[in-house]
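# Coordinates in review
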Amino acid sequence: MLVEYSAPRGFRSEVDMFVAQAVLQFLCLKNKSGASVVFSTYTEKHPSIEKGPPFVQPLLNFIWFLLLAVDGGKLTVFTVLCEQYQPSLKRDPMYNEYLDRIGQVFFGVPPKQSPSYGGLLGNLLNSLMGSGEEEDGAEEALEDSSPIELD
């Protein structure tokens, strides 16, 4: 399905991005075998991808090495791999978020500590969450001060 979707709808320069997105998401879900099957099937069946590895597209090489690194479980290999392929990974801002999660799941990297959500949406969420806590406290105060008792 991914091949059929990407061939007519995507640009030739984005052929590697379709499978990278799918593989990274599978890995985030701790599904190594699914990620491997998607990658091998896609790279074998897609008409615009020359047989590999190695591949012409650096992002495909990265995914191939990443799948090997996940099997090996060595953090240093994962770190060097992500550093070396940073130009390819910058093509989609979600890749680094996926890789952070993959680092946590497969390599024991601690989660990043973020004090709060950022941006407009984050501020809105924080204000809603903050106001929800205040309302809960206000409701409890009203319940405590109610002169009417219901049996």
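One can find the structure itself at the top, above this paragraph.
As the structure is a computational prediction, the values presented were derived from the model and not from experiment.

Here the focus is the overall build of the protein chain. Broken down by element type, the protein chain carries 8 helices and 0 strands. Scanning the protein chain from its N terminus toward the C terminus, one meets helices and strands in the order α-α-α-α-α-α-α-α. Scored against the burial criterion, the 151 residues of the protein chain give a buried share of 32%. Of the roughly 10300 Å² of accessible surface on the protein chain, a fraction of 57% belongs to carbon and sulfur atoms.

Another point: the packing of helix H2 (residues 15–28) against helix H7 (residues 94–107). It is the contact of H2 with H7, at a shortest axis distance of 9 Å, that shows an interaxial angle of 35°. Once H2 is placed against H7, the crossing between them reads as left-handed. In this structure, H2 uses Met17, Ala20, Gln21, Leu24, Gln25, Leu27 and Cys28 to contact H7, whose residues at the interface are Tyr95, Tyr98, Leu99, Arg101, Ile102, Val105 and Phe106. When grouped by side-chain class, the residues that make up the contact of H2 with H7 number 11 nonpolar, 2 polar and 1 charged.

Going through the model one piece at a time under the given rule, you end up with 3 salt bridges. For Arg91, the salt bridge goes to Asp16, with nearest N and O atoms at 2.7 Å. Highlighted residues: Arg91 in the loop between helix H6 (86–89) and H7 and Asp16 in helix H2, separated in sequence by 75 residues.

Reading guide: rules and limits
- Residues numbered from 1 in each chain as written.
- Predicted model: local features only at pLDDT ≥ 70, side-chain atom pairs only at ≥ 80, totals over all residues.
- Heavy atoms only, no water.
- Helix = DSSP H or I, 4+ residues; strand = E, 2+ residues; numbered from the N terminus.
- Buried < 20%, exposed > 50% of the residue type's maximum accessible area, 1.4 Å probe, protein only.
- Areas by Shrake-Rupley, 256 points an atom, 1.4 Å probe, with all protein chains shown as cover.
- Axes fitted to C-alpha atoms, helices over the stretch in contact; angles between N-to-C directions.
- Left-handed = near helix turned anticlockwise from the far one by under 90°.
- Contact = heavy atoms within 4.5 Å.
- Nonpolar A, V, L, I, M, F, W, Y, C, P; charged D, E, K, R; others polar.
- Salt bridge = Lys/Arg side-chain N within 4 Å of Asp/Glu carboxyl O.

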